[in-house]
Amino acid sequence: MAAHGMVSERTLDIVPLSAVMGAEIRGIDLSRPIDDAIFTRILDAFHRHLLLCFPGQHLTEVQHVAFSRRFGDLQIHVLEQYRHPVHPEIYVLSNVDPKTGKTTGRHPDRGTLVWHSDLSFQRRPALATLLYGIDVPRTGGDTLFANMYAAYEALPEATKRRIAGLRGAHDLDYSRQRAGAPPMTEQQRRETPTVDHPIVRTHPETGRKLLYISHHICRIEGLPIDAGAALLDELMAHATDKRFVYHHRWRRGDVVIWDNRCTMHCATPYDATEERRVMHRTVVKGDVPV
Ligand code: OGA
Ligand code: MN
């Protein structure tokens, strides 16, 4: 063990998860403080692999929040019904009733079942999301991730020219209604006015261009609604083609962190009566996309 119970550099073992993106980091216990040298290596791996999985973790809420804070300030979600009662930075995605301990039979958030980038409906969308699998189903309840650098780079040159400079208008209420989630309150709607972002974005750390789209987009600015919707469908179909997608099958204790600036994700369904799925999520605030 390293001095002062810190995680030491020689224990870090980075193994790619797929050819598309993602790496698993073994031999690290996220419940303990991590020194700056090792955190720098984690951050570097995060920028290179877009997604990191730390298997076999046992975290308290405080430890989950503390590790998340290493990446930046945390977002408290506008949908207060998902906030952890004691730790509001934690968004609880669970089909288990805390009072009875039984499954509810309901998917906790249908808004996760469509391809999106977290908080793209905000002026400053999410930099990263850390999702901790506390209880995971035997089948279903996977998460798919799309590499949006690769999706952009593979577009025909004519399409790249056609979309350069276009901006998408993102709206949470529109997106949730379309995904079949319950309506938002008036107050929540007021807190999430429609915002627009470029659909071709440059990553602030890597300087690479990428396609920045999301189910939260309700229209493309300057295009008739139908033309915008058709363009989005075309880009969405392209970006979620399996050659750009990494499929994560959860094991209990996985902590997965992904870069929302250059990936999209969606959850796959599961049997919410027979299976238990309890996930804790934190979100790191990002910059205004450029
Ligand atoms: C999220 C999300 C996917 C999942 O937490 O932002 O979209 O698989 N979750 O639960
Ligand atoms: Mn999400």
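Residues numbered from 1 in each chain as written. Chains lettered and ligands numbered in written order. Predicted model: local features only at pLDDT ≥ 70, side-chain atom pairs only at ≥ 80, totals over all residues. Heavy atoms only, no water.

Caption draft 1: Main features of the side chain of R176. Examined against the element boundaries, R176 turns out to sit in helix α5 (residues 172–179). In this structure R176 comes out as buried when scored by relative accessible area, which is 6%. Here Y82 takes part through its side chain, which lies 3.4 Å from a polar atom of the side chain of R176. (Helix = DSSP H or I, 4+ residues; strand = E, 2+ residues; numbered from the N terminus. Buried < 20%, exposed > 50% of the residue type's maximum accessible area, 1.4 Å probe, protein only. Polar contact = N/O pair within 3.5 Å; in protein donor to acceptor, adjacent residues only side chain to side chain.)

Caption draft 2: Highlighting the packing of aromatic side chains. Tallying each qualifying case throughout the model produces seven aromatic pairs. Seen from their ring centres, F54 and F67 are 5.7 Å apart, and the 80° between their planes marks the pair as edge-to-face. One end of the pair, F54, is in strand β3 (residues 51–54); the other, F67, is in helix α2 (residues 61–69), and 13 residues separate them in sequence. Since its relative accessible area comes to 0%, F54 is described here as buried. Judged by its relative accessible area of 4%, F67 falls in the buried class. In textbook terms, an aromatic cluster arises when at least three aromatic residues are bridged by ring pairs, as seen for F39, F46, F54, F67 and F71. (Phe/Tyr/Trp six-rings, centres within 6.5 Å; stacked < 30°, edge-to-face > 60°.)

Caption draft 3: Representation of the nonpolar core within the structure. One finds M148, I163, L211 and I213 to be the most contacted residues of the largest nonpolar core, which totals 51 residues. The element best represented in this core is helix α7 (residues 225–239), accounting for five residues. Residue contacts for L211: discarding those within four places in its chain leaves M148, Y152, L155, I163, I199, L235 and A239. Counting residues in hydrophobic clusters, the runner-up holds 26 residues, among them I25, L30, I34 and L59. (Core = buried A, V, L, I, M, F, W, Y, C linked by side-chain atoms within 4.5 Å. Contact = heavy atoms within 4.5 Å.)

Caption draft 4: View of the coordination of the manganese ion (ligand 2). H116 (NE2), D118 (OD) and H265 (NE2) make up the full set of protein donors to the manganese ion (ligand 2), lying at 2.1 Å. Counting residues between consecutive donors of the manganese ion (ligand 2) along the chain gives the motif H-x1-D-x146-H. Remark: H265 occurs in strand β14 (residues 263–267) and H116 occurs in the loop between β4 (91–94) and β5 (126–135); sequence separation between them is 149 residues. The same class applies to H116 as to H265, namely buried. (Donors = N, O, S within 2.8 Å, 3.2 Å for Na, K, Ca; no water.)

Caption draft 5: Representation of the side chain of E89 within the structure. Relative to the helices and strands, E89 resides in the loop between α2 and β4. Reaching out from E89, the side chain makes a polar contact with the side chain of R69 at a distance of 3.0 Å. E89 has contacts with V65, R69, L74, Q75, I76, R281 and T282, leaving out every residue within four places of it along the chain.

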